[in-house]
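Take a look at the letters that make up each chain.
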Amino acid sequence: MLQAISLQEIHVWGRDFHIRILLPVDLQLKNARIECSWRLKKILHGYRHILKQRLQSCPDLVSFMVELKTVLEIALKNTQDLHIPRPPEYYSCLVRDLEILGWNRVAYVDTGLTTVKLKAEDSCGRQHLITLKLNAKYPTEPPDCLVDFPVPFAVSWMPQNSLIDIYNQFLAALESLKEFWDALDEIDGKTWVLEPENPTRSATTRRIAIGNNVSVNVEVDPRHPNMLPECYFLGADHEVNPLREKLNNNMHLWDPEISLLQNLRELLEIDFPSRAMLEKSDFAKDCGICYAYRLDGSAPDQVCDDPRCGQPFHQACLYEWLQGLPTSRQSFNVIFGECPYCNKPLTLKSSMKKL
């Protein structure tokens, strides 16, 4: 359910653009919807997948707006470049660079020879793409580069450089992120990840199932993937409080020489549910209000604290349910009410705030 509306204005190259960002009750950007004029929609049409990735990876609305402005600058630049005739030298130089690079590394070239996608494989066999948007002044000016990275990718460029130089920088960046992707790939392969359902390479968070309606959300630093990540536990207090205590008491035992997943196992003194031994349905229960597991891509993240009940809910569903009860009361961003199933008093902290 979309509830919060943020009106934003972007000023790019002397032009003002207005957009509306519709956010769900929990203010999760990954579930947001963007509305804009048909002109802006046309400009951003070729960048929709990039914007979806940014919605998944940006930690807050301010960060996303910075990313959106950058993408819009690139889109406007390339839209204007479409009307600038390319000199013959542009095409001969580009074709020469592609031949030197090798056509086996080219995944896509558009008919106008303005967009090129190159593919690469890192040392662990993972496949990656880099999208190059070339302007009419190439190679005097570098192409704009779009990648699915958790960190910015800045290209070092001089007029005498070519696509092979960008490709080599791309390969170097892939290797610099190897340990980060190794850590997340191990989590994805050996545990049940509840969110994100289909993580991109730019995603830095994983919500890992621990038990029935208990999970931990970890935020991994791409620059320092072997360090202790930020951990946020989700579940009933009687389940997660012992986990918090173990994490705090064992934090000094973190060993950067072993994997992130193994560290989490040892600090929390648990074995995460294995994909080989259990089905996701063994611990992923539907919301007790909407009777679905996923709502706008999100899994239930609120649980009744009564051990005899333990019914999970989506925050948005529970928030709307409690707001509709005459017995509920609200103080600032905290709403007090009762569990729809067992009537146990519960407190829900809403992330709603002014944008």
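What counts, and at which threshold
Residues numbered from 1 in each chain as written. Predicted model: local features only at pLDDT ≥ 70, side-chain atom pairs only at ≥ 80, totals over all residues. Heavy atoms only, no water. UniProt positions renumbered as here; feature names shortened; annotations may be inferred. Helix = DSSP H or I, 4+ residues; strand = E, 2+ residues; numbered from the N terminus. Buried < 20%, exposed > 50% of the residue type's maximum accessible area, 1.4 Å probe, protein only. Contact = heavy atoms within 4.5 Å. Lys, Arg positive; Asp, Glu negative; His and termini not counted. Charge placed at Lys NZ, Arg CZ, Asp CG, Glu CD. Phe/Tyr/Trp six-rings, centres within 6.5 Å; stacked < 30°, edge-to-face > 60°. Lys NZ or Arg CZ within 6 Å of the ring centre and 35° of its normal. Pairing = 2+ DSSP bridges. Axes fitted to C-alpha atoms, helices over the stretch in contact; angles between N-to-C directions. Core = buried A, V, L, I, M, F, W, Y, C linked by side-chain atoms within 4.5 Å. Salt bridge = Lys/Arg side-chain N within 4 Å of Asp/Glu carboxyl O.

- The name given to the protein in an unreviewed UniProt entry is E3 ubiquitin-protein ligase FANCL, and the organism recorded there is Cyanistes caeruleus.
- As stated in UniProt under Pathway (unreviewed entry), the record for the protein gives "Protein modification; protein ubiquitination."
- What the UniProt record of the protein gives under Catalytic activity (unreviewed entry) is the line "S-ubiquitinyl-[E2 ubiquitin-conjugating enzyme]-L-cysteine + [acceptor protein]-L-lysine = [E2 ubiquitin-conjugating enzyme]-L-cysteine + N(6)-ubiquitinyl-[acceptor protein]-L-lysine."

1. Digging into the overall build of the protein
Working step 1: When helices and strands are tallied, the protein shows nine helices and 16 strands.
Working step 2: By principal-axis analysis of the C-alpha atoms, the protein measures approximately 75 × 50 × 30 Å.
Working step 3: Split into buried and exposed, the 355 residues of the protein put 46% on the buried side.
Working step 4: When contacts within the protein are restricted to residue pairs at least 6 apart in sequence, long-range pairs at least 24 apart make up 49% of them.
Working step 5: Of note, the protein has its 39 positive side-chain charges centred 6 Å away from the centre of its 46 negative side-chain charges.

2. A closer look at the packing of aromatic side chains
Working step 1: One pass over the full model with this rule turns up eight aromatic pairs.
Working step 2: For the ring pair Tyr90 and Tyr91, a centre distance of 5.1 Å and an interplane angle of 90° mean the geometry is edge-to-face.
Working step 3: Among the residues examined, Tyr91 registers a relative accessible area of 32% and is labelled partly exposed.
Working step 4: Three or more aromatic residues link up through ring pairs in this structure, and these residues are Tyr90, Tyr91, Tyr138 and Trp157.
Working step 5: In this arrangement the basic side chain of Arg329 is found over the ring face of Phe336, its NZ or CZ atom lying 4.4 Å from the centre.

3. Things to note about the sheet that holds strand β7 (residues 144-147)
Paired through backbone hydrogen bonds, the strands of a sheet run either parallel or antiparallel to each other.
Working step 1: One open sheet holds the four strands; their spatial order is β4-β5-β6-β7, and the pairing between them is antiparallel. Only two strands of the sheet have a single partner each, and these edge strands are β4 (106-109) and β7. The mean angle between the axes of side-by-side strands here comes to 20°, regardless of whether they run parallel or antiparallel.
Working step 2: Where strand β6 (residues 127-133) and β7 come together, four bridges link them in antiparallel fashion. In the sheet register, Thr131 faces β7, and the bridge partner there is Leu146.

4. With respect to the sheet that holds strand β16 (residues 345-349)
Working step 1: Across the sheet, which stays open at both edges, the three strands sit in the order β14-β15-β16 with antiparallel pairing between neighbours. Every other strand in the sheet has two partners, leaving β14 (329-331) and β16 as the edge strands with one partner each. Strand-to-strand, the axes of this sheet are offset by a mean angle of 25°, without reference to chain direction.
Working step 2: As defined by bridge partners, β14 adjoins strand β15 (residues 334-338) across three bridges and the pair is classed as antiparallel. Counted as the bridge partner of Gln330 is Ile335 from β15.
Working step 3: Of the strands in this sheet, β14, β15 and β16 are in contact with helix α9 (residues 315-323), which crosses β16 at around 120°.

5. Notes on the nonpolar core
Side chains that are nonpolar tend, in soluble globular proteins, to be buried together.
Working step 1: One finds Ile130, Leu132, Phe149 and Phe272 to be the most contacted residues of the largest nonpolar core, which totals 50 residues.
Working step 2: Top contributing element to this core by residue count: helix α5 (residues 163-176), with six residues.
Working step 3: In this view, Ile130 contacts Val116, Lys117, Leu118, Cys145, Leu146, Val147, Phe153, Ile166 and Phe170; residues no more than four positions away in its chain are not counted.
Working step 4: Among the nonpolar cores identified, the runner-up in size contains 26 residues, and Ile19, Ile50, Leu51 and Leu68 belong to it.

6. Re helix α8 (residues 260-268)
Working step 1: Counting buried residues along α8, seven of its nine residues qualify, which places the element largely inside the surrounding structure.
Working step 2: Looking at α8, one finds that the buried residues are Leu260, Leu261, Asn263, Leu264, Arg265, Leu267 and Leu268.
Working step 3: Summarising the contacts, the buried residues of α8 are in contact with α6 (178-190), β10 (214-219), β11 (230-234) and α7 (237-250).

7. Description of the pattern of salt bridges
Working step 1: Throughout the structure, instances matching the rule amount to 14 salt bridges.
Working step 2: Among the salt bridges present, the one from Asp185 reaches Arg126, with a minimum N-O distance of 2.9 Å. Separated by 59 residues along the polypeptide, Asp185 in helix α6 and Arg126 in the loop between β5 (115-121) and β6 bring together distant segments of the chain.
Working step 3: Its salt-bridge partner being Glu186, residue Lys190 comes within 3.4 Å of it at the nearest N-O pair. Within this pair, Lys190 and its partner Glu186 are both found in helix α6, separated by four residues, close to a single helical turn.
Working step 4: Note on Lys190: relative accessible area 45%, which makes it partly exposed.
Working step 5: Overall, the relative accessible area of 18% leaves Glu186 in the buried class.

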